[in-house]
Amino acid sequence: MSGTQVGWIGLGSMGIGMSKNLQKYLASTSAPALLYTNRTLSRGESLKALGAVPFETVKEVASKSEIIFSCVSNDAVLQETANEIIASGDIKGKIYVDCSTVHPDTSVKIAEQISAAGGEFVAAPVFGASPMAEAGKLIFVIAGPETATTKIAPYLKDVMGRSVISMGTVVSQSSLLKIAGNICVVSFMEVISEAHVFAEKTGLGSAILETMIGDMFGPVLESYSKRLTTGAYAPEPNGKAGFDVALAMKDARHALNCAKTAGTRLEVSEVALKNMEAASKYGEELGGRPLDSSSMYGTLRREAGLDFYTDLCKERDAKK
């Protein structure tokens, strides 16, 4: 594997951390430097500083790489990326690994197209926010041909992730598990947001509620609570969301679509999506301010007669 050329496509909030950890690993094993591209190439300056090599186009990265990773924003961008990989030349024997969160049908379609062109496709969505990507602590959910999943294994556990969940050879299964996980996450955020508004309106207070959440439910749910209490749900005007609300809404719609197809309902997800949509609309009214996936908290605050932004947010923004 030490001579294998690896490529990377997509340097969003997740992709940048993942690719940096991958490049560090490649350098430590004396493997060829990671080749990368992104719509805004300057986004990769920190990756370039580690020794990775930038290219202007997907086709260039794909033509020069044997294993190609991507982490992109949505299904349409994934389809566009796959088209460019296929158009890059002969991809026979190449492996395309996508770490994006997309609809299961999209994963199946891309797998068929890559396979027809002679390559192998692995669906490898990840659990974890951008800090976990930066720390190399993501959870990978992989599905695809065993020949391909075996070859990419050295780049996952203890490199970009802390564990790998194998879902076999049917690529739609990894996408479905990722969607199931997102159902849990968006539901947790909705319920914790409701509890915080309840605590503020009743006079209980957010601080003691957060202590209880941490003691009772552990560090993961406590971290969700902190997205509200630290103001991360509504970043400063020129800031960047940890996980943009637009992407969270896309994920929620995928979940609702899959549930409808399966003949069931996700009522908490429906409520959470409605509240995220209201938050997004409010952000646009304020000039397009960035909002996190947890911004349903602001919607719930407004519905309870509170300001969308907490005092902490307003004090923070006033200093800018």
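Residues numbered from 1 in each chain as written. Predicted model: local features only at pLDDT ≥ 70, side-chain atom pairs only at ≥ 80, totals over all residues. Heavy atoms only, no water.

Looking at an unreviewed UniProt entry, the chain carries the name 6-phosphogluconate dehydrogenase family protein, with the source organism given as Cadophora malorum.

## Some remarks on the overall build of the chain
For the chain, the helix and strand inventory stands at 14 helices and nine strands. By the compact-globule yardstick of 20 Å for 320 residues, the chain fits well, its C-alpha radius of gyration being 20 Å. Taken across its 320 residues, the chain has 51% of its residues classed as buried. Sequence-distant contacts, at least 24 apart, represent 72% of the contacts inside the chain between residues at least 6 apart. Accessible area for the chain stands at about 14400 Å²; split by element, carbon and sulfur atoms hold 56% of it. Taking the average place of the 32 positive charges on the side chains of the chain and the average place of its 35 negative ones, the gap between the two points comes to 3 Å. (Helix = DSSP H or I, 4+ residues; strand = E, 2+ residues; numbered from the N terminus. Rg over C-alpha atoms; globule rule 2.2 N^0.38 Å. Buried < 20%, exposed > 50% of the residue type's maximum accessible area, 1.4 Å probe, protein only. Contact = heavy atoms within 4.5 Å. Areas by Shrake-Rupley, 256 points an atom, 1.4 Å probe, with all protein chains shown as cover. Lys, Arg positive; Asp, Glu negative; His and termini not counted. Charge placed at Lys NZ, Arg CZ, Asp CG, Glu CD.)

## Topic: the UniProt feature "active site" (unreviewed entry) in the chain
Under the present numbering, the feature "active site" (unreviewed entry) in UniProt falls on K178. You can call K178 buried: its relative accessible area is 9%. If we skip the residues at most four places from it in the chain, K178 touches T101, P125, V126 and F127. (UniProt positions renumbered as here; feature names shortened; annotations may be inferred.)

## Looking at the packing of helix α12 (residues 267-285) against helix α13 (residues 296-303)
Packing of α12 against α13 leaves a shortest axis separation of 7 Å and a crossing angle of 85°. Comparing the axis directions of α12 and α13 gives the class roughly perpendicular. Residues A272, K274, N275, M276, A278, A279 and Y282 of α12 touch α13, and the partners they reach there are M296, T299, L300, R302 and E303. Its residues assigned to classes, the contact of α12 with α13 shows seven nonpolar, two polar and three charged. (Axes fitted to C-alpha atoms, helices over the stretch in contact; angles between N-to-C directions. Parallel < 35°, antiparallel > 145°, perpendicular 65-115°, else oblique. Nonpolar A, V, L, I, M, F, W, Y, C, P; charged D, E, K, R; others polar.)

## A closer look at the nonpolar core
Of all hydrophobic cores here, the largest spans 34 residues; its most connected members are Y233, M276, F308 and Y309. The element best represented in this core is helix α11 (residues 245-262), accounting for eight residues. For M276, the contacting residues outside a window of four places in its chain are V186, V245, A248, M249, A252, S293 and M296. If you look at the next biggest cluster of nonpolar residues, it comprises 32 residues, including L22, I67, I152 and V159. (Core = buried A, V, L, I, M, F, W, Y, C linked by side-chain atoms within 4.5 Å.)

## A short note on unusual backbone geometry
Although it is not a glycine, S30 sits at a positive phi angle of roughly 60°. Positive phi values are uncommon outside glycine, yet D158 reaches one of about 70°. Within the secondary structure, D158 is located in the loop between α7 (146-152) and β9 (161-166). Looking at D158, the relative accessible area reads 64%, which means it is exposed.

## Considering the sheet that holds strand β2 (residues 35-37)
As summarised here, the arrangement of the six strands in space is β3-β2-β1-β4-β5-β6, forming an open sheet in which the pairing is parallel. Edge positions in the sheet fall to β3 (53-54) and β6 (120-123), since each has one partner strand and no second. Those strands touched by helix α1 (residues 15-28) are β1 (6-9) and β4 (67-70), and its axis lies near 165° from that of β1. (Pairing = 2+ DSSP bridges.)

## Here we look at helix α14 (residues 311-318)
Listed in full, the buried residues belonging to α14 are C313, R316 and D317. Mapping the buried residues of α14 onto a view down its axis gives an arc of 95°, with all of them on the same face. Those residues of α14 that are exposed and angled more than 90 degrees off the buried face are D311, E315 and A318. (Arc of directions from axis to C-beta.)

## Comments concerning the pattern of salt bridges
If you walk through the whole model with that rule in mind, you get twelve salt bridges. Here R39 and E80 are joined by a salt bridge, their closest N and O atoms 3.3 Å apart. With R39 in the loop between β2 and α2 (45-48) and E80 in helix α4 (residues 75-86), the pair connects residues that are 41 residues apart, well separated along the chain. Given a relative accessible area of 67%, R39 falls into the exposed group. On the basis of relative accessible area, E80 is assigned to the partly exposed category, the value being 39%. The partner of D158 in a salt bridge is K157, with the nearest N and O atoms 3.6 Å apart. Given a relative accessible area of 45%, K157 falls into the partly exposed group. (Salt bridge = Lys/Arg side-chain N within 4 Å of Asp/Glu carboxyl O.)

## Focus: the sheet that holds strand β8 (residues 138-142)
With mixed pairing, the three strands of this open sheet are ordered in space as β7-β8-β9. Pairing within the sheet leaves two strands with one partner each, and these edge strands are β7 (126-127) and β9.

## A look at the environment of G161
Within the secondary structure layout, G161 lies in strand β9. Sequence spacing of G161 and K226 is 65 residues, and the spatial spacing of their C-alpha atoms is 23 Å. Not counting residues up to four positions away in its chain, the partners in contact with G161 are G136, K137, L138, F140 and L156.

## Quick notes on a nonpolar patch on the surface
On the surface, a cluster of nonpolar side chains totalling about 330 Å² of accessible area is made up of F198, L204 and I208. Mapped onto the elements of the fold, F198 is located in helix α8 (residues 171-202). (Patch = residues over 30% accessible without salt bridge, like charges linked within 9 Å, V, L, I, M, F, W, Y side chains within 5 Å.)

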